[in-house]
Amino acid sequence: VTFMQDSFAFTTDLQLPDAPDEAEFKAFVMNHPNRFLGAAREVCQLHGFPPPSSLKSEFAGVTAVFRIAVDDHRDVIIKLFPPTFVSDFVAEQRAMDLILRQPTKKDIHIIPLLASGQFLDSGHVWAYTVSDFFPGCPMKDVFEEMPPPSRVRFAQDLGGILQAIHRIPADGCQLPPITHSSLRSQWEENLPSLVKYLSTELVREVTVALPSQMELEEICSGPLCVLHGDVGEGNVLLQRNAAEEWELAALLDLGDAALGPPAYEWVWLWLDLFRQDAGMMRAFLSRYDPAIVVDQEWRRRQWALTMMHPCLPELLDIFVNEEGGDLTQVTLQQFQDMLWPDLNVPHWCPPRVQEAQCRGYVKSLLGMLHTVDVLHGNYHQGPLVMEDWELAHADLRDRVNSIWDADYHGCVTVSQAVASLFHRLIINWHSASFQPPLVPDAGVLDVAYIRKFLSLSGLEHYNWYFDLETGEGQFSSYSYSHCVVNNVSSAGRVAFGTTSQRGALWPEAKAALSARGVDVSERYDRLVATPGVQFGGLGWDLAAGHVKAYFIFRDIDTLPTRFKSLISLRPKNVPLHEHGLVSDTFTRGGRPYEDKVYIYPKSIEDLEGTPLGTASATLMLSSARGLVRQYDVDQTKSSEALFVWSQRLGNGAGKQIMDTYAAATLGLDTIVWDEESPGNMVLYFPRCLGYGEEEDGRYWK
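Residues numbered from 1 in each chain as written. Predicted model: local features only at pLDDT ≥ 70, side-chain atom pairs only at ≥ 80, totals over all residues. Heavy atoms only, no water.

Novice: Go over the nonpolar core, please, and point to the residues and values.
Specialist: Formed by 86 residues in total, the largest nonpolar core has its most connected members in Phe-496, Tyr-524 and Phe-551. Within the second largest apolar cluster, 83 residues are counted, among which are Leu-183, Ile-219, Ala-257 and Met-308. (Core = buried A, V, L, I, M, F, W, Y, C linked by side-chain atoms within 4.5 Å. Buried < 20%, exposed > 50% of the residue type's maximum accessible area, 1.4 Å probe, protein only.)

Structure representation (structure tokens):
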């Protein structure tokens, strides 16, 4: 594609309107499409397409877009750029040229141009592009019908695509740069909108809170990336896959392409495309760059870039004039949180969107409180005391039921209190019921890690329940396991981790591993920087003195050789999910002891010899033990499945362990078992038991 400054493909005298005002131009295109017929016919004749007899606008913004039938099986899209926005045409040409030079261009999902050029109309320079019509629906038309798991997968896919665009070498690129000067200029353009809608005091506080000149230069001083520039809900096309689920198909419109910091790209993506869905943003960042830490400083920078982004006036107009919002009484903190809230804190969707999920989530909280009721009296004291999470569980039950009644005020605090109390009591109960006790044998920094997990457990539980985590529900954030050999059991095996809070937990995990003598930098710096890989958790085998580190992955080919080499142990001809889990086991001195890869068959129907009562399976590939099959108990028919497994285990040590957990309202979750060695097994707990649905829809014991 070549942009010729002084070369015009043709000349017309149609007196086409310019677009200094986008709304007026859009209305003109929609109401008078055939005013552009002469130009469209010239483009078609010049490039060998049948000229249209009439036009119907496909889309109008700052350009006029028309769909034209070439034959019975093919349509093309002609886009006309008015004089005011010929610069968008130039940016699109140059960005398209860069992308099409890349060996990974097919993975970027950009629709290539068939033709482009300039023409003169009544002495004014216009431009045009021609591309094949790509069937699909823009995100704005399908967002509401996409369930959370589909949104998360979409966001992860988009993270990979934008990462590929941002990694395009920008040396010598002539795209317009986003600099500290241009950001300041945009701020000055946005200021009248802030003055219009915000209080005078808040405008002053916003001005003071903006980054200094030095900070802006720092933001823009890193390697500049090729940015798409307008990843909004109108520029992302989706199609239904074979499973009838919406998935990302193509990115449109490179007219705003630029060179700039990646964080600038995320402003419009977060506010428009993702509609401030925290789960989608976390999923996007986990694929784009797992090393990004979403902390207060990150949020502050994103808010500052929003203040200096051209989308701000439109956002304020929509909030005040279309949604009836009032910004005259808000504080600076509220204004910042409104635009960039804490991504690690759940923000409830309206009941009409997630009513069924909210009710199911309340059921899960009540199930946890049922366990608290059973354990609280006898296991209040133990390795972990209740401390500030000591809330009367009767009061918690009332507050949980208020969530049921669609009163979401304070739900985050309630969720954190319930989950932390639940986990602390289980640790105390487990330490009193099995040997060795869990926490005392661990180092001080390990306890710090566990306490961090406890503080985040309510958020983790929310994200898991609403399918806003990585792995489509196949990963667990905690487990207690018991190994039985020749009907003799051993405990002291526990794991605490995350599918959504890696930024908060990984620093504590690094400290714990370093304290055990593990060279964290050498072993994990490159791994955690690998696209699609994120920290998953830590585990301990206190009897053996082992510590384990878990990492979630999306593509086995990106992992170190020590993990990839284990894939040869898998059963042949078993279709697998793309994601999985890897782990390292270390001895007391930090010496590597065992490498493991966990992969997931897409269907247990493809796995021969799966016992009845199994919902799904995991294949553990171990450098020390070879292939080990783990079976997840069927939870859709939990009582039947548990009975089947209970009968299968007989009256030995495994059955006794199941009964001990059942007395604490906790059920079997996963088991390693082989009918040829029925006295040997590994049992993984817990799963909450004891709740059913009454006629009025509430869940009680």
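Picking up after the structure, the text goes on.
Novice: So what's going on with the pairing of strand 4 (residues 74–81)? Residues and values would help.
Specialist: Among the eight residues of strand 4, seven are classified as buried, and the element is accordingly described as predominantly covered. Between the antiparallel neighbours strand 3 (residues 64–71) and strand 4 lie two residues. As paired strands, strand 4 and strand 6 (residues 124–132) are joined by six bridges and run antiparallel to one another. If you follow Phe-81 over to strand 6, its bridge partner there is Ala-127. (Helix = DSSP H or I, 4+ residues; strand = E, 2+ residues; numbered from the N terminus. Pairing = 2+ DSSP bridges.)

Novice: Pulling in residues and values, what's your account of the packing of aromatic side chains?
Specialist: The description of two aromatic rings rests on the distance between their centres and on the angle between their planes. The full count for this structure, using the stated rule, is 33 aromatic pairs. Seen from their ring centres, Trp-270 and Trp-340 are 5.2 Å apart, and the 20° between their planes marks the pair as stacked. With a gap of 70 residues between them, Trp-270 in helix 9 (residues 262–273) and Trp-340 in the loop between helix 13 (332–339) and helix 14 (351–375) connect regions that are remote in the sequence. The pair formed by Trp-270 and Trp-340 is uniform in burial state, with each residue classed as buried. Geometry around Trp-645 places Arg-648 over its ring, the cationic atom sitting 4.3 Å from the centre. (Phe/Tyr/Trp six-rings, centres within 6.5 Å; stacked < 30°, edge-to-face > 60°. Lys NZ or Arg CZ within 6 Å of the ring centre and 35° of its normal.)

Novice: Lay out helix 3 (residues 86–100) with the relevant residues and their values.
Specialist: An ideal rise of 1.5 Å per residue puts 21 Å on 15 residues; helix 3 measures up with 21 Å between its terminal C-alpha atoms. Burial analysis of helix 3 places eleven of its 15 residues in the buried class, which makes it a mostly covered element. Within helix 3, the full set of buried residues consists of Val-86, Asp-88, Phe-89, Val-90, Ala-91, Glu-92, Gln-93, Ala-95, Met-96, Leu-98 and Ile-99. On its buried face, helix 3 is in contact with strand 4, strand 5 (113–121), strand 6 and strand 8 (225–227). (Expected span 1.5 Å × (residues − 1). Contact = heavy atoms within 4.5 Å.)

Novice: Explain the sheet that holds strand 16 (residues 576–586) residue by residue, including any values.
Specialist: Strand order in the closed barrel made by the ten strands is 12-13-14-15-16-17-18-19-21-22, with antiparallel pairing throughout. The sheet shows a mean angle of 25° between the axes of neighbouring strands, taken without regard to direction. Helix-sheet contacts for helix 18 (residues 502–515) involve strand 13 (488–497), strand 14 (534–541) and strand 15 (546–553), and the interaxial angle to strand 14 is about 45°. (Axes fitted to C-alpha atoms, helices over the stretch in contact; angles between N-to-C directions.)

Novice: Go over a negative patch on the surface with me, naming the residues and quoting the values.
Specialist: Among the surface-exposed residues, Asp-21, Glu-22, Glu-24, Glu-314, Asp-317, Glu-322 and Glu-323 lie close enough to one another that they form a single negatively charged patch. Taken together, the elements giving at least two residues each to the negative patch come down to helix 1 (22–31) and helix 12 (312–322). The dominant element in the negative patch, judged by the number of residues it contributes, is helix 12, at three residues. Tracing the chain through its elements places Glu-24 in helix 1. The class of Glu-24 is exposed, set by a relative accessible area of 58%. (Patch = residues over 30% accessible without salt bridge, like charges linked within 9 Å, V, L, I, M, F, W, Y side chains within 5 Å. Areas by Shrake-Rupley, 256 points an atom, 1.4 Å probe, with all protein chains shown as cover. Salt bridge = Lys/Arg side-chain N within 4 Å of Asp/Glu carboxyl O. Lys, Arg positive; Asp, Glu negative; His and termini not counted. Charge placed at Lys NZ, Arg CZ, Asp CG, Glu CD.)

Novice: Mind laying out the sheet that holds strand 5, listing which residues take part and the relevant values?
Specialist: Here six strands make up an open sheet; going across it, the order is 1-5-6-4-3-2 and the pairing mixed. Because the sheet does not close on itself, it has two edges, and the strands there are strand 1 (10–12) and strand 2 (57–60). The sheet shows a mean angle of 30° between the axes of neighbouring strands, direction not considered. Docked against the sheet, helix 1 engages strand 2, strand 3 and strand 6, running at close to 175° with respect to strand 2. The sheet strands contacting helix 2 (residues 37–46) are strand 1, strand 3, strand 4, strand 5 and strand 6, and the helix crosses strand 1 at an angle near 160°.

Novice: Break down the side chain of Ser-131 for me, citing the residues and quoting the values.
Specialist: Mapping Ser-131 onto the fold places it in strand 6. The residues contacting Ser-131, other than those within four sequence positions of it, are Val-76, Ile-77, Ile-111, Pro-112, Leu-113 and Leu-114.

Novice: Tell me about the packing of helix 6 (residues 180–197) against helix 7 (residues 200–209), and name the residues and values.
Specialist: Close contact between helix 6 and helix 7 brings their axes to 10 Å; oriented N to C, the two are set at 155°. Considering the angle they form, helix 6 stands roughly antiparallel to helix 7. Helix 6 and helix 7 meet at a crossing whose hand is right-handed. From helix 6, Trp-187, Leu-191, Leu-194 and Val-195 reach across to helix 7, where they touch Val-203, Val-206 and Thr-207. Of the residues that constitute the contact of helix 6 with helix 7, the class distribution is six nonpolar, one polar and no charged. (Parallel < 35°, antiparallel > 145°, perpendicular 65-115°, else oblique. Left-handed = near helix turned anticlockwise from the far one by under 90°. Nonpolar A, V, L, I, M, F, W, Y, C, P; charged D, E, K, R; others polar.)

Novice: Could you give an account of the environment of Thr-200, with specific residues and numbers?
Specialist: Turning to its location among the elements, Thr-200 is positioned in helix 7. With 128 residues separating them along the chain, Thr-200 and Thr-328 place their C-alpha atoms 8.6 Å apart.

Novice: Give a description of the pattern of salt bridges that names residues and reports values.
Specialist: It is possible for side chains bearing opposite charge to pair when their charged atoms get close. A full pass over the atoms with the stated rule returns 24 salt bridges. Measuring nitrogen to oxygen at the nearest pair gives 3.7 Å for the salt bridge that ties Arg-523 to Asp-595. One end of the pair, Arg-523, is in helix 19 (residues 520–528); the other, Asp-595, is in strand 17 (residues 592–601), with 72 residues separating them in the sequence. Using a relative accessible area of 14% as the deciding quantity, one classes Asp-595 as buried. A salt bridge links Arg-562 to Asp-595, with the shortest nitrogen-to-oxygen separation between them at 3.9 Å. Taken as a pair, Arg-562 in helix 20 (residues 561–564) and Asp-595 in strand 17 lie far apart in primary sequence, 33 residues in all.

Novice: A description of the packing of helix 11 (residues 296–307) against helix 13 should follow, citing residues and the corresponding values.
Specialist: Orientation of helix 11 relative to helix 13, taken along the N-to-C sense of each, is 90°, at an axis distance of 10 Å. When the axis of helix 11 is compared with that of helix 13, the two are roughly perpendicular. Residues Arg-299, Trp-303, Thr-306 and Met-307 of helix 11 form the contact with helix 13, whose participating residues are Leu-332, Phe-335, Gln-336, Asp-337 and Leu-339. When grouped by side-chain class, the residues that make up the contact of helix 11 with helix 13 number five nonpolar, two polar and two charged.

Novice: Please set out the confidence of the model for the protein residue by residue, giving values where relevant.
Specialist: Atom-level detail of predicted coordinates should not be read off regions where pLDDT is low. Considering every residue of the protein, the mean pLDDT works out to 83; 88% of them sit at 70 or more. Of all helices and strands in the protein, the one with the weakest mean pLDDT is strand 25 (residues 699–700) (30), whereas strand 17 scores best (95). Here residues 1–5 scores under 50 on pLDDT; set against residues more than four positions off or in separate chains, the count is seven contacts. For residues 347–353, every residue scores under 50 in pLDDT, and the model assigns this stretch 16 contacts once sequence neighbours within four places are set aside. (pLDDT = per-residue confidence, 0-100.)

Novice: How would you sum up the environment of Ser-490? Please name residues and give values.
Specialist: Note on placement: Ser-490 falls in strand 13. Residue Ser-490 is classed as partly exposed on the basis of its relative accessible area, which comes to 33%. The sequence separation of Ser-490 and Phe-434 amounts to 56 residues, and the corresponding C-alpha distance is 8.3 Å.

Novice: Which residues make up helix 9, and what values do they have?
Specialist: Taking 1.5 Å as the rise per residue, helix 9 with twelve residues should run 16 Å; its terminal C-alpha atoms sit 16 Å apart, in good agreement. Of all twelve residues in helix 9, eleven are buried; the element is thus mostly enclosed. Listed in full, the buried residues belonging to helix 9 are Ala-263, Tyr-264, Glu-265, Trp-266, Val-267, Trp-268, Leu-269, Trp-270, Leu-271, Asp-272 and Leu-273. Of the residues flanking the end of helix 9, it is Arg-275, one or two places downstream, whose phi is positive at about 50°.

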